[in-house]
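Inside the fold
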Amino acid sequence: MSADHLPSEFEVLIVGTGLPESIIAAACSRIGQKVLHVDRSAYYGGNWASFTFSGLLSWIEEHKQEARNKDEVKEWKDKIQEGEEAILLNTADKTITNVEVFCFASQDSEDNIQEEGVLQLKHDSSVTAPGTEEDGGSSEDCPGQQIQATVINTVESSPSEDPVRSDSQASAQATDDAPSTQEENHGNLCSAESDKQESGVTEHVSASPASECTDGKKKKITYSQIVKEGRRFNVDLTSKLLYAKGSLVDLLIKSNVSRYAEFKNVTRILTYQNGKVEQVPCSRADVFASKQLTVVEKRMLMKFLTFCMDYQQHPEEYLDFKDHTFVEFLKMKKLTANLQHFVHHSISMVSDTAKTTKGLRATQNFLQCLGHYGNTPFLFPLYGNGEIPQCFCRMCAVFGGIYCLRHAVQCLVVDKETKRCKAVIDTSGMRISCKHLIVEDSYVADEQRKGDQHRQISRAVLVTDKSLLKAESDQQVTLERLEVEYMNWTIFYLVHLTCPSSGTAKEDLSLVVSRLFSENVDADEKVLWALYFNMRDSSVAERSSYNLPCNVYVCSGPDSTLGSDHSIKQAESIFGQLFPDEEFCPPAPNPEDVIYDGDGAEAENAGFGAPLEPEHNKPEEGAVPEQENEKAMTETEKNTTVTPVSLATCDNSTEQDAE
């Protein structure tokens, strides 16, 4: 809705369209509250958003500007009445820092690269790749990196020799169709020292009919070709997965929001040990078919996993070790080093310092999620994690919520006596009254924070021309503790890396990139394009960390974990404080069960399925919506690339067939 036509009074005003804010908006609107949901950006999701490649380039340009061109802000002081005071908010996002972009792909002529809304990047010849003659190679060891990886199918058009893959959490999704070619590789990213930390990687694939030359040699991938392929996939700012029986999937099913999205199941889990990438056995069939395990190890692993399924029933097995680390407990159980690695890094996925009960609980959760939608516990949104906040925004809009993007809030209006926020003033000078205010952490000014209670996440997004692990099938979605990959009939691959920060993102992750693409990939393959950035993680901040009125609630941004449990718990907690007697996100009626008072035309346009703001469908401004993706995909692609998963029904056939 246009800011000029906004009502001046709401019951709940929500600033920011990240996942927790969007869930709260849907929950409030569902129980009949009058909701206004605004965001200063031109896209939904904030730091949870997904972009096409051109949209990502625009996002990079926005955050690389040192002096941001601020919108004209109208005076607000004359809106403050007697007995009121103002609390200023941030009108610009300061949560993204240390943005660095490197282009290693060869450049076409500028005429071939020009495309509206696309950031023009020049070849960075000053950066040498570790392991090359110029660099002299790198002898440093990768210091204890723990990485999670996921691989998901993307758009396919013609077969390519290798699948895609990378470390950590998956965040690739199929969108539009475009041609692409492949390029020889002769370089990797520069290396840097990295402290011991957990790290995650995700990879996407994009394909073209001309994957190889007639003489059998690979064609070069140029930067302009990457740009042309940019609408075939989305790039997540935050790379996460959904546990099949996790809190987010439960909420999607309970609220009936799942009908607005489609999902792909992760088909395999990978790990990195002894200098190579291996597949982790998940199901019983995987265990006994595994070539990495001996017969004795297979029996030991099955016995241990059977114990973990109902470990609470056998307290004598673990209570003596409840104050010890899970790593120590695994050693006590006499598991081999190989099995300890699989269980610790690829099944429980807990830190080295996690206690025994936490590790057992994580392992049990992993096992309980197996077989519901596929052979692994994980799902991934077909068009990226940015779809999930949009789904809840749609639910809010269906029940009367009002949305306004590109709309920033200047300040809060606080009653001096009650110390409650009674209104806000936006950048157009309009005063909007509200009873409750929910705001995303990035909007809170430093003056309203009690100390610096936040961490940092290091992120990297790589475009490569080589998968990290070859697979028998071109239809793979993989999660790896060290790598993630998306397998498809494609030419180049998208890799996501994530870890808690100890320095800049490039300092934390470039050594991992160097080792993965210099030691585990053929010498003629390389990283074509790389983006590094740091993102604020405010999930550790408590409400007492902010000096704000009692009816103002702060939602944190994305954290560094694989799932979204923290955001779900936070959204439910805030909603419970707002409306303690109301049900959180009750099921919405099916469209066919709704009876409208108007005629057929009005009924058809009055509610379910009505799109959000049309301008959000522009790919350069935000995540590509599902409807546009479907239009862009050919019928052949729909039938061959991905099989969406419905959350309404559990599918145990994969596990049963495997057994």
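Procedures and definitions
- The residue numbering used here restarts from 1 in each chain and proceeds along that chain's sequence as written.
- Totals for whole chains, interfaces and linings use all residues, but because this is a predicted model, local features are given only for residues with pLDDT of at least 70 and pairs of side-chain atoms are given and counted only at 80 or more.
- Note that water and hydrogens are dropped before the side-chain values are worked out from all heavy atoms of the structure.
- Angles here are taken between N-to-C directions and fall from 0 to 180 degrees, while the axes themselves are lines fitted to C-alpha atoms, restricted in helices to the stretch in contact.
- Elements are defined by DSSP. Helices are runs of H or I of four residues or more, strands are runs of E of two residues or more, and each kind is numbered from the N terminus.
- These descriptions rest on fixed angle ranges, namely under 35 degrees for roughly parallel, over 145 for roughly antiparallel, 65 to 115 for roughly perpendicular, and the rest for oblique.
- The sense of a crossing depends on the near helix, which, turned anticlockwise from the far helix by less than a right angle, makes the crossing left-handed and, turned clockwise, makes it right-handed.
- Only heavy atoms enter the contact rule, under which two residues are in contact if any of them lie within 4.5 Å.
- Under the scheme applied here, ten amino acids are nonpolar (Ala, Val, Leu, Ile, Met, Phe, Trp, Tyr, Cys and Pro), four are charged (Asp, Glu, Lys and Arg), and all others, including Gly, are polar.
- When the centres of two rings from Phe, Tyr and Trp lie within 6.5 Å, Trp using its six-membered ring, the rings pair. Their planes under 30 degrees apart give stacked, over 60 give edge-to-face, and anything left gives tilted.
- Burial classes: relative accessible area under 20% of the type maximum marks a residue as buried, over 50% as exposed, and values in between as partly exposed (1.4 Å probe, protein chains only).
- The predictor attaches a confidence to each residue, called pLDDT, with possible values from 0 through 100.
- A strand pair is defined by DSSP finding two or more bridges across the two strands.
- The term nonpolar core refers to a set of buried residues drawn from Ala, Val, Leu, Ile, Met, Phe, Trp, Tyr and Cys, joined through side-chain atoms within 4.5 Å.
- Expected span, for any helix, means 1.5 Å times one less than how many residues it has.

**Looking at the packing of helix H1 (residues 19–30) against helix H13 (residues 565–578)**
One can describe the packing of H1 onto H13 by two numbers: an axis separation of 9 Å at closest approach and a directional angle of 40°. As far as their axial angle goes, H13 and H1 are oblique. Once H1 is placed against H13, the crossing between them reads as right-handed. Along its contact with H1, which presents Leu19, Pro20, Ile23, Ile24, Ala27 and Cys28, the element H13 presents Ser567, Ile568, Gln570, Ala571, Ile574, Phe575 and Leu578. Residue composition of the contact of H1 with H13, grouped by class: eleven nonpolar, two polar and no charged.

**Some thoughts on the packing of aromatic side chains**
Using the criterion set out here, one finds 18 aromatic pairs in the structure. Aromatic pair tryptophan 59 and phenylalanine 533: ring centres 5.2 Å apart, planes at 70°, arrangement edge-to-face. With tryptophan 59 in helix H2 (residues 53–64) and phenylalanine 533 in strand E23 (residues 527–537), the pair connects residues that are 474 residues apart, well separated along the chain. Using a relative accessible area of 1% as the deciding quantity, one classes phenylalanine 533 as buried. Here the aromatic residues Phe304, Phe307, Phe321, Phe326 and Phe329 are joined through ring pairs into a cluster of three or more.

**Observations regarding the confidence of the model for the protein**
Per-residue confidence for the protein gives a mean pLDDT of 74; residues scoring 70 or more make up 66%. Note that pLDDT drops below 50 for residues 204–214; the model gives that stretch 66 contacts with residues more than four away or on any other chain. For residues 599–642, every residue scores under 50 in pLDDT, and the model assigns this stretch 101 contacts once sequence neighbours within four places are set aside.

**Examining the sheet that holds strand E15 (residues 378–381)**
If you trace the three strands from one edge of the open sheet to the other, you get E11-E15-E12, paired in antiparallel fashion. Each edge of the open sheet carries a strand with a single partner, namely strand E11 (242–243) and strand E12 (263–265). Pairing of E12 with E15 involves three bridges; the strand directions are antiparallel. Its bridge partner lying in E15, phenylalanine 263 is registered against proline 381.

**Notes on the nonpolar core**
If you look at the biggest cluster of nonpolar residues, it comprises 82 residues, and the most contacted ones within it are Ile23, Leu252, Phe304, Phe366, Phe378, Phe392 and Ile438. Formed by 30 residues, the second largest nonpolar core is a distinct cluster that contains Ala49, Ile60, Cys103 and Val461.

**Comments concerning H1**
In this model H1 runs 16 Å from its N-terminal to its C-terminal C-alpha over twelve residues, within 8% of the 16 Å that 1.5 Å per residue would give. Burial runs high along H1: eleven of the twelve residues are buried. Within the span of H1, buried status applies to Leu19, Pro20, Glu21, Ser22, Ile23, Ile24, Ala25, Ala26, Ala27, Cys28 and Ser29. Looking one or two residues past H1, glycine 32 carries a phi angle of roughly 95°, positive in sign.

**Focus on unusual backbone geometry**
A negative phi holds for most residues other than glycine; trans holds for most peptide bonds. One non-glycine residue with positive phi stands out, namely lysine 334, at about 65°. Here lysine 334 lies in the loop between helix H8 (326–332) and helix H9 (337–348). Despite not being glycine, cysteine 585 shows a phi value in the positive range, around 50°. Structurally, cysteine 585 is set in the loop between H13 and helix H14 (600–606).

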